[in-house]
Amino acid sequence: MTRVTPHDVAEVLETELDDSALMAFISDAHNVVNRRCEPHTDDEEALADVETYVAAHLATAKEPRVSATSGAVTDVELDADGDRYWHQAVLLDPTGRLDRPQRGYCVVTT
């Protein structure tokens, strides 16, 4: 069972994704946190915080944002903006293991 709900993720990520879409990202985030961090801490509150931001990071891949526009000619740049959520998850990780992949496991940021 995941530590967070779609509401928790929506609190940190302004999104139009519905709860079922967010739940898919939460499930993936839960797996990442369980594999990388949970064996090294009993702090469930901290793990929930990390899980929230990893889910937000993953969700930004599905819902990119406009990062820049320009004048007369329509020129729009999309940015997944996931880095800020990933970096927040790394900062909140009490184990320090989220940003140190081992055995070929990692989460790629854009």
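Use the structure listed above.
Keep in mind that what you see is a predicted model, and the values were worked out from it rather than measured.

The rules behind each value
- Residues numbered from 1 in each chain as written.
- Predicted model: local features only at pLDDT ≥ 70, side-chain atom pairs only at ≥ 80, totals over all residues.
- Heavy atoms only, no water.
- Core = buried A, V, L, I, M, F, W, Y, C linked by side-chain atoms within 4.5 Å.
- Buried < 20%, exposed > 50% of the residue type's maximum accessible area, 1.4 Å probe, protein only.
- Helix = DSSP H or I, 4+ residues; strand = E, 2+ residues; numbered from the N terminus.
- Contact = heavy atoms within 4.5 Å.
- Salt bridge = Lys/Arg side-chain N within 4 Å of Asp/Glu carboxyl O.
- Expected span 1.5 Å × (residues − 1).
- Axes fitted to C-alpha atoms, helices over the stretch in contact; angles between N-to-C directions.
- Parallel < 35°, antiparallel > 145°, perpendicular 65-115°, else oblique.
- Left-handed = near helix turned anticlockwise from the far one by under 90°.
- Nonpolar A, V, L, I, M, F, W, Y, C, P; charged D, E, K, R; others polar.
- Polar contact = N/O pair within 3.5 Å; in protein donor to acceptor, adjacent residues only side chain to side chain.
- Phe/Tyr/Trp six-rings, centres within 6.5 Å; stacked < 30°, edge-to-face > 60°.

> Requested: an account of the nonpolar core, with residues and values cited.
With 25 residues, the main nonpolar core has Val9, Val54 and Leu98 as its most contacted residues. Going through the elements one at a time, helix H2 (19-36), helix H3 (44-62) and helix H4 (82-92) are the ones with two or more residues in this core. If we ignore the near neighbours within four places in the chain, the residues touching Val9 are Val4, Leu22, Ile26, Thr52, Ala55 and Ala56.

> Talk me through the pattern of salt bridges; I want residue IDs and the actual numbers.
According to the stated counting rule, one finds 3 salt bridges in the structure shown. For Arg3, the salt bridge identified is with Glu38, shortest N-O distance 3.8 Å. Of this pair, Arg3 sits in the segment before helix H1 (6-12) while Glu38 sits in the loop between H2 and H3; the two residues are 35 residues apart in sequence, bridging distant segments of the chain. Three or more residues are tied together by salt bridges with common partners; here these are Arg3, Glu38, Glu44 and Glu51.

> Residues and numbers for the environment of Val4, please.
Considering the arrangement of structural elements, one finds Val4 in the segment before H1. Since its relative accessible area comes to 5%, Val4 is described here as buried. Along the primary structure Val4 and Ala55 are separated by 51 residues, whereas in three dimensions their C-alpha atoms are 9.3 Å apart. In contact with Val4, other than residues within four places in its own chain, are Val9, Ile26, Ala48, Glu51 and Thr52.

> Summarise H2; cite the residues concerned and give the values.
The terminal C-alpha atoms of H2, which comprises 18 residues, lie 25 Å apart, in line with the 26 Å expected from a rise of 1.5 Å per residue. Regarding H2, the residues found buried are Ala21, Leu22, Phe25, Ile26, Ala29, His30, Val32, Val33 and Arg36.

> Residues and numbers for the packing of H2 against H3, please.
Across the interface, H2 lies against H3 with an axial gap of 8 Å and an inter-helix angle of 130°. Compared by their axis directions, H2 and H3 come out oblique. Both H2 and H3 take part in a crossing whose hand is right-handed. Contact with H2, carried on its side by Leu22, Phe25, Ile26, Asp28, Ala29, His30 and Val33, involves Leu47, Val50, Glu51, Val54, Ala55, Leu58, Ala59 and Lys62 of H3 and no other residues of that element. Here the contact of H2 with H3 is built from residues that sort into 11 nonpolar, 1 polar and 3 charged.

> Before we move on, could you go through the side chain of Thr41 and cite the residues and values that matter?
Assignment of secondary structure puts Thr41 in the loop between H2 and H3. In terms of polar contacts, Thr41 uses its side chain to reach the backbone amide nitrogen of Asp43, at 3.1 Å.

> I'd like a description of the packing of aromatic side chains, backed by residues and values.
The relative placement of two aromatic rings is captured by the distance of their centres and the angle of their planes. Applying the stated rule across the entire model yields 1 aromatic pair. An angle of 25° between the planes, with centres 6.5 Å apart, marks the rings of Tyr53 and Tyr85 as stacked. One end of the pair, Tyr53, is in helix H3; the other, Tyr85, is in helix H4, and 32 residues separate them in sequence. Tyr53 gets classed as buried once you look at its relative accessible area, which sits at 19%. Judged by relative accessible area, which is 4%, Tyr85 ranks as buried.

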